[in-house]
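Fold and contact review
Spelled out, the chains give:
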Amino acid sequence: MESVGRLMTERDLAFYKGKRVFVTGHTGFKGAWLCHLLSLMGAEVTGYALKAPTEPSLFEIADIARDIHSVTGDVRDAAALKAAFDEARPEIVLHLAAQPIVRESYRNPAYTYETNVMGTVNILECVRGSETVRSFLNVTTDKVYLNREWAWGYRENEELDGFDPYSNSKSCSELVTHSYKNSFFADGRAAISTARAGNVIGGGDFAADRIIPDCVRAAQKGEDIVVRNPYSTRPYQHVLEPLCAYLMIAARQAENGALSGWYNVGPDDVDCFQTGALVDLFVKAWGGGLKWINRADGGPHEANFLKLDCTKLKTVFGWKPTWNLETAIEKVVEWSKCYLSGGDVRACMDDQIRAFLR
């Protein structure tokens, strides 16, 4: 990657060349983008996860397995995880494995807690016993905070207490990470951080109960887009925004352990959109007379208003978002139309990564 972006410096990009990186949850939407990005940087990546969680999946469509060493396994299986981890002997660990859907957490809370809490314990146990790991980053969510529905963004020192089982399990995952950092890594032998990202969108997300995949599916079928709650406000960002921020944090803290901590990763206030306004951008970018309808379905509780204050990330690292939401939506539409027309989605991903870093 010869070009240099605002999120990552040339030094950050060069850092990963030849580095052994262990990624949990690599078969998911964010994990697939992350592994491809790391492979372009020259990293030696081992991924550990269950089979791709959707059908179709970006991991399979873009043949991400050819970029990395892919291990099929469950983060709840401590022995299997440790075996893959020990074989990889990683220097950098990026923990993305999770049950990530709010509605699914209501249907299956025990599985959600087992995966999101004990999965974090298991990977941290691997790191605790490692002599090679220099940097660990646990990816959580903006939903870890006790949501008071106020108008300003949550800061990293706000109370953690997610409402639903998914959000709450991620709050627990944060607390587990904090405890391990204080209890076992105070000597600085490995830098430990968490990253709390806002709502992520991008090409190749096929998950259920997510607004952009719902939009793409409706457009593919020529149907109206059904929006459950058009007035909920969320911090939306293209998937490359948080991924590059994760890589920046992991690289910088590996070289300076004083940078380890807890970081919000989200868009500026102007890109905290109501869901209906987000769908308006999608309809405009897609074209063809597409439209949406408001149809609440009486589903479980979800927060109506959520914003992040990313001052800490901006101050510590000089970070700022690269693409605004309109550009992010255009990139989603570009990738989705490439896929639906039988185009080369890997080449599309490469083009978007180069454009983002440029």
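Residues numbered from 1 in each chain as written. Predicted model: local features only at pLDDT ≥ 70, side-chain atom pairs only at ≥ 80, totals over all residues. Heavy atoms only, no water.

Residue position: T112 is located in helix α6 (residues 109–128). For T112, the residues in contact, after removing those within four places along its chain, are Q99, E104, S105, V117, P165, Y166 and S169. (Helix = DSSP H or I, 4+ residues; strand = E, 2+ residues; numbered from the N terminus. Contact = heavy atoms within 4.5 Å.)

The N-to-C vectors of helix α9 (residues 240–255) and helix α13 (residues 345–357) enclose an angle of 65°; their axes lie 11 Å apart at closest approach. The orientation of α9 with respect to α13, classified from their angle, is roughly perpendicular. When the axes of α9 and α13 are compared, the crossing they make is right-handed. Contacts between α9 and α13 pair L240, E241 and C244 from the former with Q352, I353, F356 and L357 from the latter. When grouped by side-chain class, the residues that make up the contact of α9 with α13 number 5 nonpolar, 1 polar and 1 charged. (Axes fitted to C-alpha atoms, helices over the stretch in contact; angles between N-to-C directions. Parallel < 35°, antiparallel > 145°, perpendicular 65-115°, else oblique. Left-handed = near helix turned anticlockwise from the far one by under 90°. Nonpolar A, V, L, I, M, F, W, Y, C, P; charged D, E, K, R; others polar.)

Packing of helix α4 (residues 78–88) against α6 brings their axes to within 10 Å, and their N-to-C directions diverge by 40°. When the interaxial angle is binned, α4 and α6 end up oblique. The interaxial crossing formed by α4 with α6 has right-handed handedness. Of the residues in α6, those in contact with A78, L81, K82 and F85 of α4 are N122, I123, C126 and V127. When grouped by side-chain class, the residues that make up the contact of α4 with α6 number 6 nonpolar, 1 polar and 1 charged.

Across the sheet, which stays open at both edges, the 3 strands sit in the order β7-β9-β11 with mixed pairing between neighbours. Of all strands in the sheet, those bounded by a partner on one side alone are β7 (199–201) and β11 (272–274). For this sheet, the mean inter-axis angle between neighbouring strands, taken without regard to orientation, is 50°. With 3 bridges joining them, strand β9 (residues 233–238) and β11 adopt antiparallel strand pairing. Residue pairing across strands places R234 opposite F273, the latter belonging to β11. The strands that α9 touches are β7 and β9; relative to β9, the one it contacts most, it runs at about 70°. Its contacts with the sheet place helix α12 (residues 325–340) against β7, β9 and β11, and it is angled at close to 45° to β7. (Pairing = 2+ DSSP bridges.)

This part covers the sheet that holds strand β5 (residues 135–139). The strand order β3-β2-β1-β4-β5-β6-β10 describes an open sheet built from 7 strands, whose pairing is parallel. For this open sheet the edge positions go to β3 (69–72) and β10 (262–265), each flanked by a neighbour on one side alone. Sheet twist, expressed as the average angle between the axes of neighbouring strands with direction ignored, equals 20°. Pairing of strand β1 (residues 20–24) with strand β4 (residues 92–95), which is carried by 4 bridges, proceeds in the parallel orientation.

Attention now moves to empty space enclosed by the protein. For the structure shown, the criterion picks out 1 cavity of 30 Å³ or more. Put simply, the largest cavity is a space of about 50 Å³. Around the largest cavity, the lining residues are Y236, Q237, H238, E241, G266, P267, D271, P321, W323, N324, L325 and A328. When contributions to the lining of the largest cavity are tallied by element, the ones reaching two or more residues are β9 and α12. When residues of the lining of the largest cavity are assigned to their parent elements, the largest contribution, 3 residues, is made by β9. (1 Å grid on protein atoms, 1.4 Å probe; cavity = no way out; pocket = protein on both sides within 12 Å on 5 of 7 lines; lining within 4 Å. Points joined across faces, edges and corners; volume = space filled by probe spheres on them.)

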